[in-house]
Amino acid sequence: MEYLKKLQWRYATKHFDKNRKLNSTQVEELLQAANLAPTSYGLQPFAIALIENEQIKEKLSLAAYNQPQVTEASHLFIFSARTNVTNSDVEEFVERVAKTRNIPTESLAEYDKVMKGSINNLTKEQQFQWAARQAYISLGMLLSAAALQGIDACPMEGFNKDQFDEILGLKEKGFSSVVMAAAGYRSPEDEYQNYKKVRKSIDELVIKY
């Protein structure tokens, strides 16, 4: 399958070519792929900060222990999760469903009740961790879409999340950073592109019943 060939081709890029930039169409398609990710209830309790500004990249680099991807990549996609999922989030989602599907909001009353009951049973920390897991699904979609387009990317968790939140003003918006992807084009000098991909065999990975 062509899809599997693309996934074999991709790798966690360590050095990007700073002179090659993604165009607006490519960036939009990556964002659309991330937006189409499945999430629990469809709520999407996360946001994506899109970073192209070089000055902001420099600030983020210091909070990411000077990893080269942060300043070399064309764009950064920083995924942040809701720190507190509220009834208002559910109600906004219900309104969106009703408008998109052209159905009465009242017809979704039971769904509204189920979502609120489930979410309100969680502590704030549990809500945040649940929201973060949804963000990771979206990250996976973005990485796959990048590979299909021949765009290099690197998922990254190694950064000071409190400092990222401060630089980007995420706390004030009700979010906290959890993971990011650097995207662009690999540098010819990145030795990691020549390494064979190491994975478990399918037999080692899968537990069959």
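Residues numbered from 1 in each chain as written. Predicted model: local features only at pLDDT ≥ 70, side-chain atom pairs only at ≥ 80, totals over all residues. Heavy atoms only, no water.

As for the pairing of strand S2 (residues 75-82)
Okay, step 1: Taking burial as the measure, the 8 residues of S2 include 7 buried ones, the bulk of the element.
Okay, step 2: Across 6 bridges, the pairing between strand S1 (residues 46-51) and S2 is antiparallel. Each bridged residue has a counterpart across the sheet, and for Ala 47 the counterpart in S2 is Ser 80.
Okay, step 3: Across 8 bridges, the pairing between S2 and strand S4 (residues 175-184) is antiparallel. Its bridge partner being in S4, Arg 82 is matched across the sheet by Phe 175. (Buried < 20%, exposed > 50% of the residue type's maximum accessible area, 1.4 Å probe, protein only. Helix = DSSP H or I, 4+ residues; strand = E, 2+ residues; numbered from the N terminus. Pairing = 2+ DSSP bridges.)

Remarks on the pattern of salt bridges
Okay, step 1: Within this structure, the stated rule accounts for 7 salt bridges.
Okay, step 2: A salt bridge links Lys 21 to Glu 54, with the nearest nitrogen and oxygen atoms 3.5 Å apart. Of this pair, Lys 21 sits in the loop between helix H1 (2-9) and helix H2 (24-35) while Glu 54 sits in helix H3 (residues 54-63), and the two are 33 residues apart along the sequence.
Okay, step 3: Classification of Lys 21 by relative accessible area gives partly exposed; the value is 39%.
Okay, step 4: Linked by salt bridges that have partners in common, Lys 21, Glu 54 and Lys 57 make up one network. (Salt bridge = Lys/Arg side-chain N within 4 Å of Asp/Glu carboxyl O.)

Quick notes on the packing of aromatic side chains
Where two aromatic rings form a pair, the distance of their centres and the angle of their planes describe that pair.
Okay, step 1: Within this structure, the stated rule accounts for 4 aromatic pairs.
Okay, step 2: Ring geometry for Tyr 41 against Tyr 111: centres 6.3 Å apart, planes inclined by 65°, an arrangement best described as edge-to-face. With Tyr 41 in the loop between H2 and S1 and Tyr 111 in helix H6 (residues 109-120), this pair connects stretches of sequence that are 70 residues apart.
Okay, step 3: The class of Tyr 111 is partly exposed, set by a relative accessible area of 33%.
Okay, step 4: Ring geometry for Phe 93 and Tyr 111: centres 6.4 Å apart, planes at 65°, overall edge-to-face. You can see Phe 93 sitting in helix H5 (residues 87-101) and its partner Tyr 111 sitting in helix H6, a full 18 residues away along the chain.
Okay, step 5: Its guanidinium or amino end placed over the ring of Tyr 185, Arg 20 lies 3.9 Å from that ring's centre, counting from NZ or CZ.
Okay, step 6: The ring of Phe 159 has Lys 161 lying over it, and the distance from NZ or CZ to the ring centre is 4.4 Å. (Phe/Tyr/Trp six-rings, centres within 6.5 Å; stacked < 30°, edge-to-face > 60°. Lys NZ or Arg CZ within 6 Å of the ring centre and 35° of its normal.)

Digging into the packing of H1 against helix H7 (residues 124-149)
Relative orientation and spacing of two packed helices are given, respectively, by the angle between their axes and the distance between those axes.
Okay, step 1: Two elements in contact, H1 and H7, have axes separated by 9 Å at closest approach and are oriented at 100°. By the angle between their directions, the pair H1 and H7 is classed as roughly perpendicular. For the pair formed by H1 and H7, the contact residues are Tyr 3, Lys 6, Leu 7 and Trp 9 on the first element and Ser 144, Ala 147 and Leu 148 on the second. (Axes fitted to C-alpha atoms, helices over the stretch in contact; angles between N-to-C directions. Parallel < 35°, antiparallel > 145°, perpendicular 65-115°, else oblique. Contact = heavy atoms within 4.5 Å.)

Structural measurements only, silent on function.
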